[in-house]
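Spelled out, the chains give:
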Amino acid sequence: DLEVREHQFLRALDRFIEDESPTLEISPPLEDAYYGNINQWLPIISVHTNLSIPVEWIESRRAEKAHNRDSLEQIYRRYADEGASFEQIVEAEAKGFGKAILEHGIRVINQREGREPIPAADPFAILWATTFDRLVFHLRDNKNLSPEDAITKAGEFLLSEHAVNTPYVFISVRLHAALAVLCQGATPRLPSPSDPYDIAHIATYLPYTDVMTVDRFFSS
């Protein structure tokens with residue numbers, strides 16, 4: 001999902017820099033999400049499995065899912081307490097999406113330069129390029145902006161309608177808003193641990209497919 005999202009962001013960033021109107025891509029290029037020609041049957045299908053998954057890894061994933069579920073429930077409950085409508089939740093989620101990417105990118109830059117402590121749980125995370133880094137590099141290398149101007153413009157882009165109107169963000173914020181609405185009322189449907197993963201899966205591939213298989217709940 002990260003790679004697909006960044007492809008969409010970079011095209012939207014170019015439109016932002018050229019002062020073009022925000023546009024929702026209805027048919028983004030298949031190359032964002034797939035390698036080669038996917039519209040053909042291959043003569044041979046190979047299936048490889050590796051079931052030697054450490055128990056510790058499984059328990060870590062379960063704990064992560066439980067934590068994400070609890071965080072989602074708190075957010076959805078807050079919307080319920082505020083009496084927020086579907087449209088209001090979509091607007092709030094959309095604004096928060098780019099803001100979260102910007103804040104994470106700036107935090108990692110500060111950690112690299114020693115202005116903030118490096119997390120002990122994942123000390124090597126600062127070595128990998130964040131989405132914010134990729135936006136800045138694109139502006140610096142392809143638009144000839146200075147590093148300072150590239151950082152400023154990348155931040156402005158993430159808070160703009162151009163970022164909100166990328167397919168990944170457009171779909172995911174609406175699915176989260178729908179779940180938040182279902183969390184309201186006398187018989188709320190509480191989020192499940194797999195919800196964030198299902199939403200990421202759908203938001204990643206739905207713009208590139210004619211048919212998608214999802215579970216019964218999300219198909220509705």
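Remember, it's a predicted structure, so these values are computed and weren't measured experimentally.

Trainee: Got a minute to help me understand the nonpolar core in this structure?
Mentor: Soluble globular proteins tend to pack their nonpolar side chains together in the buried interior. Grouped together as the largest cluster of nonpolar side chains are 40 residues, with contacts concentrated most on Phe9, Phe97, Phe132, Leu135, Phe157 and Leu158. Those elements that provide at least two residues to this core are helix H1 (2–17), helix H2 (55–82), helix H3 (86–112), helix H4 (131–142), helix H5 (147–158), helix H6 (161–164), helix H7 (167–182) and helix H8 (195–205). With eight residues, H7 is the single largest residue contributor to this core.

Trainee: Please explain H2 as it appears in this structure.
Mentor: Turn by turn, an α-helix covers 3.6 residues, leaving residues three or four places apart pointing in a common direction. Over its 28 residues, H2 extends 41 Å from the first C-alpha to the last, a length consistent with the 40 Å expected when each residue adds 1.5 Å. Along its buried surface, H2 packs onto H3, H7 and H8. After H2 finishes, the residue Gly83 shows a positive phi value of roughly 65°.

Trainee: So what exactly am I meant to see when it comes to H5 here?
Mentor: Over its twelve residues, H5 runs 17 Å from end to end, which matches the ideal 16 Å to within 8%, given 1.5 Å per residue. Here H5 has its buried residues at Ala150, Ala154, Gly155, Phe157 and Leu158. Projected down its long axis, H5 shows its buried positions confined to an angular sector of 160°, all on one face. Where H5 is buried, its residues contact H1, H3, H4 and H6.

Trainee: Quick question: what am I supposed to make of the packing of aromatic side chains here?
Mentor: The description of an aromatic ring pair uses the distance of the two centres, along with the angle that the planes make with each other. Applying the stated criterion across every chain yields a total of five aromatic pairs. Taken together through their ring pairs, the aromatic side chains of Phe9, Phe16 and Phe157 make up a single cluster. Its guanidinium or amino end placed over the ring of Tyr168, Arg5 lies 5.6 Å from that ring's centre, counting from NZ or CZ.

Trainee: Got a minute to help me understand a nonpolar patch on the surface in this structure?
Mentor: Nonpolar side chains collect at one region of the surface, where Phe124, Leu127 and Trp128 lie side by side and expose about 430 Å² of accessible area between them. As for its placement among the helices and strands, Trp128 is situated in the loop between H3 and H4. Taking relative accessible area as the criterion, Trp128 reaches 61% and is therefore assigned exposed.

Basis of the calculations
Residues numbered from 1 in each chain as written. Predicted model: local features only at pLDDT ≥ 70, side-chain atom pairs only at ≥ 80, totals over all residues. Heavy atoms only, no water. Core = buried A, V, L, I, M, F, W, Y, C linked by side-chain atoms within 4.5 Å. Buried < 20%, exposed > 50% of the residue type's maximum accessible area, 1.4 Å probe, protein only. Helix = DSSP H or I, 4+ residues; strand = E, 2+ residues; numbered from the N terminus. Expected span 1.5 Å × (residues − 1). Contact = heavy atoms within 4.5 Å. Arc of directions from axis to C-beta. Phe/Tyr/Trp six-rings, centres within 6.5 Å; stacked < 30°, edge-to-face > 60°. Lys NZ or Arg CZ within 6 Å of the ring centre and 35° of its normal. Patch = residues over 30% accessible without salt bridge, like charges linked within 9 Å, V, L, I, M, F, W, Y side chains within 5 Å. Areas by Shrake-Rupley, 256 points an atom, 1.4 Å probe, with all protein chains shown as cover. Salt bridge = Lys/Arg side-chain N within 4 Å of Asp/Glu carboxyl O.

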